[in-house]
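Chain residues, written in single-letter form:
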Amino acid sequence: MSAHPVLIRNPMQPDGKPSELLLVHDGRAYQSRPALYYVDGPFVDDGAGGAIAAAMAADGGRGYLNARGEWVVAPTLQDAQPFGPDGLSLFRDQDRWGYRNLKGDVAVAAQYEKAEAFSFGLAAVMIGERKWRYIDTSGQFAFDGFLRHAGPFTAIGLAVARGGTYKCGYIDRSGAWAIAPRFERPAPFSRHGVAPASENGRRFGIINQQGEWVLAPCYDEIDAFNDDGLAWFKADDNQEGYLDAAGIPVIPDCYDLSRTMRHGVAVERAAQMWYRSADDVPEFGEAFDWAGDFNTHGFALARAVNQERGPVWGIARLDGPFAVVPADVLEPLPDWDIDIGCPEPGTPLIAFLARDGSIALLDRHARLAFRLRAESEDGVERVALYDQTGRQLWQDAPCAGLHIPQPYFSAPAEAFLAEVGQVDELPAYAETMLAATRAKLLNIDALKQAAHNGETETDDAYAYKSGPDDCFNGYSDTNDEGRLARLVRTRRRIFRMYLGEDELMRYEFLGSDRYPMVLRMVERCVARLSAHFGAPVSDPDYAGAEPDRDTLAWRVGALWLGIAGIHENGDGDAWQHIWLLCAPSQAAFNAALAGQQPSPFDPT
């Protein structure tokens, strides 16, 4: 048996170039050419002392790879799927499906319009419109007759199938009906000889191999049984849990329970019970405010909290206490979809962003296994890979403009600034807003005509470098004077922190983590503007508008410069903004309407 390689993703690439996978095998690092983007499923023994896996190159082509990163089959295929227990992999070439063996050679020629993976020696293939048949590993048909649907065979020798009616039943390996079609939504049989099923598509129960109800239909949903012999269910009252083969709820009364279970452990997020199992609630000696699913290697990423220490990331294990990450590690490294804690196939490591900008690969004990580091010398940048001893395993070719991952969960407040790059630039930016507002007042006759024509604040009042407007602006002036007052003012968002519904659902703690950051940023901005403009007041008399809640403002000649933090949420999203507003006082606005210019607007 060959040792299988470890896969390490290198996201430190020139802008526009996708991340790349490196392989570490027998103490050496390998870089595939063409570049490797993804390995589909773990490596498997090839029967000749090596290992093979289906993989995708950076350009999207599919092929097969060995443990040293060499393409056994060049990535020119349309698709290549993981090897199954039968030693065959489904592949697609020239719009037809076939099967390859562990050498990468074609075992069954690509000839089918559609095909499924082999399962217990048989695979379903489509040979015409809505005509499915089963083949064996030699490509011969297993039995006569066509089916309109053909599911995978399981350990007990039955498969879900549909014949000439719209109902499904179960066939045996000879193609005979073992359970006559009567189900709208049947699931595969488990190794324990039971399967979830529904006759009407609305109520689910559990049947045995004779088609008899072990559990009469009583649930809204029941998933197929997993490798632990349990099936996720959902009841009328939206309670969720897991059933055993007898239909007994062994994990009952849960909400927002993960439908994925590994090593007998599922995640319940709604009640923040987090980890649930059929035996008991696993104890890790920590309270979590976020927990990921257990992986196939028997551990999970989690974030522990307590009042004294604050939040820390670490590894939850069933065979030991919660392992806190090293002090130099900052946070998990998100992938392109902001998912975290997902190991590469066959690789029991989780990627973290370190405080020095490097990427640390940690094992199940939260110990360093490998480190990726961007290095610069004489203006040349390159990426290097080191093992846990600091020995360099690999170094990339020099390149320019490397994309270095930035903190996501621990992003600094400056990362959310808009219009200015740092707080010290704020006074100068505010002066440009004041100058713009003075210029509008001097041109108030033109603005009067614009207001009379129904114009309101121009689009550039909401033109941000950081993204589209996502703040509720409920202004609906119906008179010329109200519209004019808003046309005269200058309003800019200088700080934008937005969390979408998907982000908040996955990482609820982000909202509470970032709220204090916004308050501190407002304080910093106020302090910097006060050093330039003097002490602020809380009751500016903006022309044509009441100040936002908690506004602080500085009187600069006849104008006001105000700052306010805005916190909004809706439709599952949340955003926290800081706005600067420059507007004339009501008296200055009235004077401008009366033609008293320019002395009322002299900044001195």
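Keep in mind it's a predicted model, so treat the numbers as computed, not measured.

Visitor: Could you give an account of the overall build of the protein, with specific residues and numbers?
Guide: Helix and strand counts for the protein stand at 6 helices and 42 strands. Taken over the C-alpha trace, the protein has a radius of gyration of 32 Å; the compact-globule value for 604 residues is 25 Å, which it surpasses by more than 25%. If you line up the protein on its principal axes, its C-alpha atoms span 100 × 65 × 55 Å. Of all 604 residues assigned to the protein, the portion counted as buried reaches 50%. Contacts in the protein between residues at least 24 apart in sequence constitute 43% of all its contacts with a sequence separation of at least 6. Of the roughly 27800 Å² of accessible surface on the protein, 48% is carried by carbon and sulfur atoms. Between the averaged position of the 56 positive side-chain charges in the protein and that of its 86 negative side-chain charges there is a distance of 3 Å.

Visitor: Outline the pairing of strand 18 (residues 177–183), supporting the account with residue identities and numerical values.
Guide: Two strands pair when backbone bridges link them, and strand 17 (residues 168–171) and strand 18 are joined in this way by 3 bridges, in the antiparallel orientation. When the bridges of strand 18 are listed, Tyr170 appears paired with Ile179. The antiparallel pairing of strand 17 with strand 18 creates a hairpin that spans 5 residues between the two strands, and Gly175 there sits at a positive phi of about 90°.

Visitor: Before we move on, can you summarise the packing of aromatic side chains with the specific residues and values?
Guide: A ring pair, where both rings are aromatic, is described by two values, the distance of the centres and the angle of the planes. As enumerated under the stated definition, the model contains 24 aromatic pairs in all. Judged by centre distance (5.6 Å) and plane angle (55°), the rings of Tyr64 and Phe83 are tilted. Taken as a pair, Tyr64 in strand 6 (residues 62–66) and Phe83 in the loop between strand 8 (79–80) and strand 9 (89–93) lie far apart in primary sequence, 19 residues in all. Members of the aromatic cluster, connected to one another through ring pairs, are Trp290, Trp313, Tyr408, Phe409, Tyr507 and Phe509. Note that Arg303 overlies the ring of Trp313, its terminal NZ or CZ placed 6.0 Å from the centroid.

Visitor: Describe the packing of helix 3 (residues 480–488) against helix 6 (residues 586–593), naming the residues involved and giving the relevant values.
Guide: Look at helix 3 against helix 6: their axes get within 12 Å of each other, and the N-to-C directions meet at 110°. Of the possible angle classes, the one that applies to helix 3 and helix 6 is roughly perpendicular. Seen from helix 3, the contacting residues are Glu481, Leu484, Ala485 and Val488; seen from helix 6, they are Gln586, Phe589 and Leu593.

Visitor: Describe in detail helix 3, supporting the description with residues and values.
Guide: In terms of burial, helix 3 is largely enclosed, as 7 of its 9 residues are buried. Among the residues of helix 3, those classed as buried are Gly482, Arg483, Leu484, Ala485, Arg486, Leu487 and Val488.

Visitor: Please provide a residue-by-residue account of the sheet that holds strand 35 (residues 359–362), values included.
Guide: Across the sheet, which stays open at both edges, the 6 strands sit in the order 33-34-35-36-37-38 with antiparallel pairing between neighbours. Two strands in the sheet have a free side with no partner beyond their single neighbour: strand 33 (329–332) and strand 38 (392–395). Between one strand and the next, the sheet's axes are offset by a mean angle of 30°, whatever the strand orientation. Sheet topology note: the strand 37 (residues 380–387)/strand 38 ladder contains 3 bridges and is antiparallel. Each residue of the ladder has a partner; that of Ala384, found in strand 38, is Gln395.

Visitor: Please provide a residue-by-residue account of the pattern of salt bridges, values included.
Guide: Here the idea is simple: oppositely charged side chains can pair when their charged atoms come close. Applying the stated criterion across every chain yields a total of 26 salt bridges. In this structure, the salt-bridge partner of Asp79 is Arg62, at a minimum N-O distance of 3.2 Å. Separated by 17 residues along the polypeptide, Asp79 in strand 8 and Arg62 in strand 6 bring together distant segments of the chain. Of the two residues, Asp79 and Arg62, both sit in the buried class. As a salt-bridge pair, Arg371 and Asp328 come within 3.1 Å of each other at their nearest N and O atoms. With Arg371 in strand 36 (residues 368–377) and Asp328 in the loop between strand 32 (320–324) and strand 33, the pair connects residues that are 43 residues apart, well separated along the chain. If you follow the salt bridges from partner to partner, you end up with Arg203, Asp220 and Asp236 in one network.

Basis of the calculations
- Residues numbered from 1 in each chain as written.
- Predicted model: local features only at pLDDT ≥ 70, side-chain atom pairs only at ≥ 80, totals over all residues.
- Heavy atoms only, no water.
- Helix = DSSP H or I, 4+ residues; strand = E, 2+ residues; numbered from the N terminus.
- Rg over C-alpha atoms; globule rule 2.2 N^0.38 Å.
- Buried < 20%, exposed > 50% of the residue type's maximum accessible area, 1.4 Å probe, protein only.
- Contact = heavy atoms within 4.5 Å.
- Areas by Shrake-Rupley, 256 points an atom, 1.4 Å probe, with all protein chains shown as cover.
- Lys, Arg positive; Asp, Glu negative; His and termini not counted.
- Charge placed at Lys NZ, Arg CZ, Asp CG, Glu CD.
- Pairing = 2+ DSSP bridges.
- Phe/Tyr/Trp six-rings, centres within 6.5 Å; stacked < 30°, edge-to-face > 60°.
- Lys NZ or Arg CZ within 6 Å of the ring centre and 35° of its normal.
- Axes fitted to C-alpha atoms, helices over the stretch in contact; angles between N-to-C directions.
- Parallel < 35°, antiparallel > 145°, perpendicular 65-115°, else oblique.
- Salt bridge = Lys/Arg side-chain N within 4 Å of Asp/Glu carboxyl O.

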